[in-house]
Amino acid sequence: MATLQLIDYCNPVIVLKPSIKSIFIKTDNRNYGGASRVRIVPSACLQKPSLTRRHLLAETAAISVAPLILGIESPAKSEEPVLSEWERVYLPIDPGVVLLDIAFVPDDLNHGFLLGTRQTIMETKDGGNTWVPRSIPSAEDEDFNYRFNSISFRGKEGWIVGKPAILLYTSDAGESWERIPLSAQLPGDIVSKRENLLEQKRNQGDGLDVYRGIQEGPLFVNDLTALSFLNYLQVDAEVYIKATGENSAEMVTDEGAIYVTSNRGYNWRAAVQETVSATLNRTVSSGISGASYYTGTFNTVNRSPDGSYVAVSSRGNFYLTWEPGQPYWQPHNRAVARRIQNMGWRADGGLWLLVRGGGLYLSKGTGISEDFEEIPVQSRGFGILDVGYRSKEEAWAAGGSGILLRTTNGGKTWTRDKAADNIAANLYSVKFIDNKKGFVLGNDGVLLRFLG
């Protein structure tokens, strides 16, 4: 192999030799990770006791050029770690727990609560860095495994709602919780509609024989023709509660019933005068596509700061809105071909819309609208499940297989946070308490905390 050697800097001569020993000498055979380490030493350094600055520069230049001429590859640079504005918080819970909601006490943003399935209530007093299980005796009196769906605070007053039907109230920022009895006549999933449907099916004698075990055990079916009904029973419906004032709250069931209380939950007044099913039957001739397939429940429901609601039907083929003072829900045709996954409110008062398959749409203007514009996103084909706004300009979207997307211009463009790609979980809820504190909830007990 030909080599390059500089004999004299003033009169350089290129000499071709069949060996490279005159230029490089292997001086170190110690093993470094399974490969021999070669130290490159100019032969001139071995032959001459001293070098002038000019000769030293010449020899150094020869060493830098030699690898390119000889075809010796330089060691590859290690990739820099991808920086992220989120960190994972590891929780002392079973891996199968699904986190459902999170809230902090407004007067003390270091004090918060985290809810989930399997009767999970976690508490933090350091802003969400660490969490410990919280036991509430009033929720452990019965032999049920409660699923706590929603939590809300206003001042030191707080509310927790779950299923089977349970409502908890605190007036001391969560130091103690009392159980508020709920009327069995409230429609919706808040009153264990699941058990009512089972009983109804048994009475109809349609061949379905289902046994429900304690602790929300599995359902067993002896008739394969009833599997479609079984799948319907296993849909995870939303139940939502919002603290609105002193001794006051607003509660929404998955059937579209909205109830308000002003006396700590001992009495509830209906804010909607008719059920969604009755509304659709009355307005089906108005051209709402998919209304005839309505199964009677919502898939998701989200509330705006001014008290308006947007909800997605269980099949995702249309959506509904409600504003304070309206007697019933207003159905809307979806403006896109694919079915709706979720909808919510932007920080500027407009709507965002997610479709199955990873599509993101934003409404034109503010308020309730049926005019949406598609926004290109790098979802890699995974579905986007939720959007949370930190400010009017910055928002984060989360989805399947650890997808995290960020916008800093109000949603016009989105970039993917690759640091979350290694999280083996579906991220389905983005919650910003304020512009400095935010969390992302995922299955298998995954919780991400915003670093900012």
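Above this text is the structure in question.
This one's a predicted model, so the numbers in the text were calculated from it and none came from an experiment.

Observations regarding the overall build of the protein chain
And then number 1: Within the protein chain, the secondary structure is distributed over five helices and 32 strands.
And then number 2: When the 452 residues of the protein chain are sorted by exposure, 46% land in the buried category.
And then number 3: Within the protein chain, contacts between residues at least 6 apart in sequence are counted, and of these 45% link residues at least 24 apart.

Notes on the pattern of salt bridges
And then number 1: Counted by the stated rule, this structure contains 13 salt bridges.
And then number 2: Linking R118 and D94 is a salt bridge whose minimum nitrogen-to-oxygen distance equals 4.0 Å. Of this pair, R118 sits in the loop between β5 (108-116) and β6 (120-124) while D94 sits in the loop between β3 (86-88) and β4 (99-105); the two residues are 24 residues apart in sequence, bridging distant segments of the chain.
And then number 3: Using a relative accessible area of 45% as the deciding quantity, one classes R118 as partly exposed.
And then number 4: Note on D94: relative accessible area 48%, which makes it partly exposed.
And then number 5: A salt bridge links E374 to R338; its shortest N-O distance comes to 4.0 Å. With a gap of 36 residues between them, E374 in strand β25 (residues 372-375) and R338 in the loop between β21 (330-333) and β22 (340-345) connect regions that are remote in the sequence.
And then number 6: Through salt bridges that share partners, E85, R390, E394 and R406 make up one connected network.

A word on the sheet that holds β25
And then number 1: Within the open sheet, the four strands sit side by side as β22-β23-β24-β25. Their pairing is antiparallel. Strands with a single pairing partner mark the edges of an open sheet, and in this sheet they are β22 and β25. Pairs of neighbouring strands in the sheet enclose a mean axial angle of 25 degrees, with direction left out of account.

Considerations on the sheet that holds strand β32 (residues 447-450)
And then number 1: Read across the sheet, four strands follow the order β3-β32-β31-β30 without closing on themselves; strand pairing throughout is antiparallel. A strand with exactly one partner marks an edge of an open sheet, and here the two such strands are β3 and β30 (427-432). The average undirected angle you get between the axes of adjacent strands in this sheet is 20 degrees.
And then number 2: Taken together, the three bridges between strand β31 (residues 438-442) and β32 define a ladder with antiparallel strand orientation. Looking across to β32, one finds that L441 is bridged to L447.

Description of the environment of K412
And then number 1: Here K412 lies in the loop between β28 (404-407) and β29 (415-416).
And then number 2: K412 has contacts with I375 and T407, leaving out every residue within four places of it along the chain.

Quick word on the packing of aromatic side chains
And then number 1: Scanning the entire structure with this criterion turns up 19 aromatic pairs.
And then number 2: Relative to F450, the ring of W86 has its centre 5.1 Å away and its plane inclined at 65 degrees; by these criteria the two rings are edge-to-face. With W86 in strand β3 and F450 in strand β32, the pair connects residues that are 364 residues apart, well separated along the chain. Just as W86 is buried, F450 falls in that class too.
And then number 3: On the basis of an interplanar angle of 75 degrees and a centroid distance of 5.4 Å, the ring pair of F432 and F450 is categorised as edge-to-face. Of this pair, F432 sits in strand β30 while F450 sits in strand β32; the two residues are 18 residues apart in sequence, bridging distant segments of the chain.
And then number 4: The exposure class assigned to F450 is buried, which follows from its relative accessible area of 2%.
And then number 5: Grouped by ring-pair contacts, the aromatic residues Y240, F298, Y309, W322 and W329 constitute a single cluster.

Side note on the pairing of strand β10 (residues 166-170)
And then number 1: Taken across its five residues, β10 has five buried, putting it largely inside the fold.
And then number 2: Residues I166, L168 and T170 point to one face of β10 and L167 and Y169 to the other, with burial holding for every one of them.
And then number 3: Both strand β9 (residues 157-163) and β10 contribute to a ladder of five bridges, which runs antiparallel. What sits directly across from G162, in β10, is I166.
And then number 4: The hairpin turn running from β9 into β10, its antiparallel successor, is two residues long.
And then number 5: In this structure, β10 lies alongside strand β11 (residues 178-179), joined through two bridges in antiparallel fashion. Residue pairing across strands places L168 opposite R179, the latter belonging to β11.

Cut-offs and rules
Residues numbered from 1 in each chain as written. Predicted model: local features only at pLDDT ≥ 70, side-chain atom pairs only at ≥ 80, totals over all residues. Heavy atoms only, no water. Helix = DSSP H or I, 4+ residues; strand = E, 2+ residues; numbered from the N terminus. Buried < 20%, exposed > 50% of the residue type's maximum accessible area, 1.4 Å probe, protein only. Contact = heavy atoms within 4.5 Å. Salt bridge = Lys/Arg side-chain N within 4 Å of Asp/Glu carboxyl O. Pairing = 2+ DSSP bridges. Axes fitted to C-alpha atoms, helices over the stretch in contact; angles between N-to-C directions. Phe/Tyr/Trp six-rings, centres within 6.5 Å; stacked < 30°, edge-to-face > 60°.

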